[in-house]
Amino acid sequence: MSGVWMYAQDSGYTSRQSLVGFTVEAADGTIGHVDRQQDQPGMQHLVVDTGVWVFGKSILIPAGAVAGIDTETRTVRVTGTREEIKAAPQFTTDSETADHRYLSAVGNYYLSLRRPLAP
């Protein structure tokens, strides 16, 4: 499961790159902007402020769900649709980033969203 907590080599992420303030786009639209990020190896993730889309809540997105980063437009593309991301385990406090059960649930959820490759 650790792969879900690391950026893919082809994501466009470079070491120590700040994504704070970048707009986050799902497959079918904007979900918010990066409020905070964690770059600890093996635990990389983004905390995304969803604004009014999900009633002002934040969501935690593992780095492995990042499909691409465009530094010119300051956009992070993530896998999944807005509804799929909205259905992820709820993020309420930063202390959850140290809760192994919560992180396992989030990691497993995002792994389940990975689409099989076409034959």
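Here's a quick rundown of the structure. Fair warning: this is a prediction, and the values are worked out from it, not measured in the lab.

### Looking at the overall build of the protein chain
Moving on, step 1. Each helix and strand counted, the protein chain has two helices and six strands in total.
Moving on, step 2. Helices and strands appear in the protein chain in the N-to-C order β-β-β-β-β-β-α-α.
Moving on, step 3. Considering only contacts within the protein chain whose residues lie at least 6 apart along the sequence, 54% involve residues at least 24 apart.
Moving on, step 4. Of the roughly 6700 Å² that the protein chain leaves accessible, carbon and sulfur atoms contribute 52%.
Moving on, step 5. Across the protein chain, the mean location of the 10 positive side-chain charges is 3 Å away from that of the 13 negative side-chain charges.

### Concerning the sheet that holds strand E2 (residues 29-38)
Two strands in a sheet stick together by hydrogen bonds in their backbones, pointing the same way (parallel) or opposite ways (antiparallel).
Moving on, step 1. One open sheet accounts for six strands, arranged E4-E3-E2-E1-E6-E5; its pairing is mixed. The two strands at the open ends of the sheet, each matched to only one other strand, are strand E4 (58-62) and strand E5 (66-70). With direction set aside, neighbouring strand axes in the sheet form an average angle of 35°.

### Digging into the packing of aromatic side chains
Moving on, step 1. For the coordinates displayed, the defined rule picks out two aromatic pairs.
Moving on, step 2. Geometrically, the ring pair formed by tyrosine 7 and tyrosine 13 is stacked, given 3.8 Å between the ring centres and 10° between the ring planes. Like tyrosine 7, the residue tyrosine 13 is buried in the burial classification.
Moving on, step 3. Between tyrosine 109 and tyrosine 110 the ring centres are 5.6 Å apart and the planes differ by 90°, which places this aromatic pair in the edge-to-face class.

Definitions and limits used
- Residues numbered from 1 in each chain as written.
- Predicted model: local features only at pLDDT ≥ 70, side-chain atom pairs only at ≥ 80, totals over all residues.
- Heavy atoms only, no water.
- Helix = DSSP H or I, 4+ residues; strand = E, 2+ residues; numbered from the N terminus.
- Contact = heavy atoms within 4.5 Å.
- Areas by Shrake-Rupley, 256 points an atom, 1.4 Å probe, with all protein chains shown as cover.
- Lys, Arg positive; Asp, Glu negative; His and termini not counted.
- Charge placed at Lys NZ, Arg CZ, Asp CG, Glu CD.
- Pairing = 2+ DSSP bridges.
- Axes fitted to C-alpha atoms, helices over the stretch in contact; angles between N-to-C directions.
- Phe/Tyr/Trp six-rings, centres within 6.5 Å; stacked < 30°, edge-to-face > 60°.
- Buried < 20%, exposed > 50% of the residue type's maximum accessible area, 1.4 Å probe, protein only.

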